[in-house]
Amino acid sequence: MMYKHMIGKQSNKVKNTVEKGMVKRFVESIGDPHPIYTNEEVGKKSRYGKNIAPPTYPRVFDYGVIEGLILPEKGLIHGEQNYHYERPLFIGEEISCYSEVKNYVEKSGTNGRMGFLEIVNYGEDQEGNMIFSEKMVTIITETVRKAMCYE
Amino acid sequence: MSNLTNLQVGDSLEEITLSPVSRMDLIKYSGASGDFNPIHTIDEEAEKAGLPGVIAHGMWTMGNLSKVFTSYYEEGFIENFQVRFSGKVFLNDVLTLRATLQEKNNETFSFKVNVSSQSEKVVMKGKVVFVTN
């Protein structure tokens, strides 16, 4: 059970800024250039009183490094993605981000034993309140795991 | 503009059909997200990974899917957004984004969401919980 011993391990917190220019580029890349994200006037008049970032934006943040966690460079399959928000992210705010190995299981399937690695990324405001979490389930096939052991 | 509170269970939000997936879409997303895995942009690398050609980032597709809700941010925000990736997306695929109201409870609206390709193959499905508090 390759990653079993990593469960519960966390990275150190990294401070990230929700940068307007980065958000602008991000929303353009997903074809979602709504003024609520980048137009200051629209942001001010909105129910939030400021511009917000779209829900999948946390992909951009730096979550630090979980010591000892070595992932295969190739062949990972993204199985699931799950965001939870207490409120939207605001443009210009600072978010402290970190990452945790939440779970690892192996299951036998038609392609041998598949590993399911669950990593959760967290984002907190500067008072330590949780703003969002982002759970990713990555599937690691037996072939990929074996290739890694022999490299 | 449509209003979320007028929606009834079973109603769908306005579906969105994207332009055919282009390599430039994926290059732009790589740059914007910082995910430079070459299987999304370079044919040779995709082939080395056993794929017939480059595939879209799952997160690009998920990012697109969230657009169905953008016009409702004046009423609330997405509290939960959960998807399972069930199929690969290739260049020139034409994706349609859909959301259907499944449950309504005071300030909480639960939607079934999915993305399907031109052949109606579902490449992503999941759930969005939108709250108006």
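Scroll up a little and you will see the structure.
Quick look at the structure, then. Because the structure is predicted, anything quoted here is derived from the model rather than measured.

Reading the values: the criteria
- Residues numbered from 1 in each chain as written.
- Chains lettered and ligands numbered in written order.
- Predicted model: local features only at pLDDT ≥ 70, side-chain atom pairs only at ≥ 80, totals over all residues.
- Heavy atoms only, no water.
- Helix = DSSP H or I, 4+ residues; strand = E, 2+ residues; numbered from the N terminus.
- Buried < 20%, exposed > 50% of the residue type's maximum accessible area, 1.4 Å probe, protein only.
- Pairing = 2+ DSSP bridges.
- Contact = heavy atoms within 4.5 Å.
- Axes fitted to C-alpha atoms, helices over the stretch in contact; angles between N-to-C directions.
- Phe/Tyr/Trp six-rings, centres within 6.5 Å; stacked < 30°, edge-to-face > 60°.
- Lys NZ or Arg CZ within 6 Å of the ring centre and 35° of its normal.
- 1 Å grid on protein atoms, 1.4 Å probe; cavity = no way out; pocket = protein on both sides within 12 Å on 5 of 7 lines; lining within 4 Å.
- Points joined across faces, edges and corners; volume = space filled by probe spheres on them.
- Nonpolar A, V, L, I, M, F, W, Y, C, P; charged D, E, K, R; others polar.
- Salt bridge = Lys/Arg side-chain N within 4 Å of Asp/Glu carboxyl O.
- Polar contact = N/O pair within 3.5 Å; in protein donor to acceptor, adjacent residues only side chain to side chain.
- Core = buried A, V, L, I, M, F, W, Y, C linked by side-chain atoms within 4.5 Å.
- Parallel < 35°, antiparallel > 145°, perpendicular 65-115°, else oblique.
- Left-handed = near helix turned anticlockwise from the far one by under 90°.

Moving on to the overall build of chain B. Within chain B, the secondary structure is distributed over 3 helices and 5 strands. Ordering the α and β elements of chain B from the N terminus gives β-α-α-α-β-β-β-β. Based on the C-alpha atoms only, the size of chain B along its principal axes is roughly 50 × 30 × 25 Å. Looking at chain B as a whole, 47% of its 133 residues are labelled buried.

Now for the sheet that holds strand 5 (residues 130-140) of chain A. In spatial order, the strands read 1(A)-3(A)-4(A)-5(A)-2(A)-2(B)-5(B)-4(B)-3(B)-1(B); together these 10 strands make up an open sheet with antiparallel pairing. Strands with a single pairing partner mark the edges of an open sheet, and in this sheet they are strand 1 (14-17) of chain A together with strand 1 (16-17) of chain B. Here strand 3 (residues 96-105) of chain B pairs with strand 4 (residues 108-116) of chain B via 9 bridges, running antiparallel. Within strand 4 of chain B, the position partnered with B:Ala99 by the bridge is B:Val113. Lying on the sheet, helix 3 (residues 58-65) of chain B is in contact with strand 2 (77-85) of chain A together with strand 2 (77-85), strand 3, strand 4 and strand 5 (122-131) of chain B; it crosses strand 2 of chain B at an angle near 140 degrees.

Residue and element names in this part refer to chain A. Considering all chains together, one arrives at 13 aromatic pairs over all chains under this definition. Residues tyrosine 57 and phenylalanine 61 carry aromatic rings whose centres are separated by 5.6 Å and whose planes lie at 90 degrees to one another, so their mutual orientation is edge-to-face. The exposure class of tyrosine 57 is buried, given its relative accessible area of 1%. The aromatic ring of phenylalanine 116 is capped on one face by lysine 107, whose charged end is 4.7 Å from the ring centroid.

One pass over the full model with this rule turns up 1 cavity of 30 Å³ or more. Its volume calculated, the largest cavity comes out at about 70 Å³. When grouped by side-chain class, the residues that make up the lining of the largest cavity number 9 nonpolar, no polar and no charged.

Bring the parts together and some accessible area is lost; that lost area is often taken as the interface size. Counting residues at the interface gives 29 residues for chain B, matched by 29 residues for chain A. The interface formed by chain B and chain A contains 1 salt bridge. Between A:Glu80 and B:Arg84 there is a salt bridge, with the nearest N and O atoms lying 3.0 Å from each other. Here chain B is connected to chain A by 17 residue pairs in polar contact (both at pLDDT 80 or more).

Attention now goes to unusual backbone geometry. All names here are of chain B. One non-glycine residue with positive phi stands out, namely asparagine 106, at about 50 degrees. Note on placement: asparagine 106 falls in the loop between strand 3 and strand 4. For glutamate 120, which is not a glycine, the phi torsion comes out positive at approximately 65 degrees. Structurally, glutamate 120 can be placed in the loop between strand 4 and strand 5.

Counting residues in each nonpolar core, the largest one holds 65 residues, and the members touching the most others are A:Leu89, B:Phe69 and B:Phe111. It is strand 5 of chain B that contributes the most residues to this core, 6 residues altogether. When near neighbours in sequence (up to four residues on either side) are disregarded, B:Phe111 contacts B:Leu4, B:Leu7, B:Leu13, B:Phe69, B:Ala99, B:Thr100, B:Leu101, B:Gln102, B:Gly126, B:Lys127, B:Val128 and B:Phe130. Counting residues in each nonpolar core, the second largest holds 11 residues, with A:Ile66, A:Tyr104, A:Ile140 and A:Val144 among its members.

Applying the stated criterion to the full structure yields 16 salt bridges over all chains. Two residues, A:Arg87 and A:Glu93, come together in a salt bridge whose shortest N-O distance is 2.8 Å. Here A:Arg87 and A:Glu93 have matching classes, each one buried. For B:Arg23, the salt bridge is made with B:Asp43, and the minimal N-O distance between the two is 3.0 Å. A residue pair is termed long-range when its members are at least 10 positions apart, and B:Arg23 in helix 1 (residues 23-33) and B:Asp43 in helix 2 (residues 43-48) qualify at 20 residues.

Another aspect to go through is the packing of helix 1 (residues 20-29) of chain A against helix 1 of chain B. Look at helix 1 of chain A against helix 1 of chain B: their axes get within 9 Å of each other, and the N-to-C directions meet at 155 degrees. The angle between helix 1 of chain A and helix 1 of chain B places the two elements in the roughly antiparallel class. Judged by the sense of rotation from one axis to the other, the crossing of helix 1 of chain A with helix 1 of chain B is left-handed. In contact with A:Arg25, A:Phe26 and A:Ser29 of helix 1 of chain A, helix 1 of chain B contributes B:Lys28, B:Tyr29, B:Ala32 and B:Ser33. In the contact of helix 1 of chain A with helix 1 of chain B, the residues fall into 3 nonpolar, 2 polar and 2 charged.

Interpretation note: all reported values are geometric properties and have no functional meaning in isolation.
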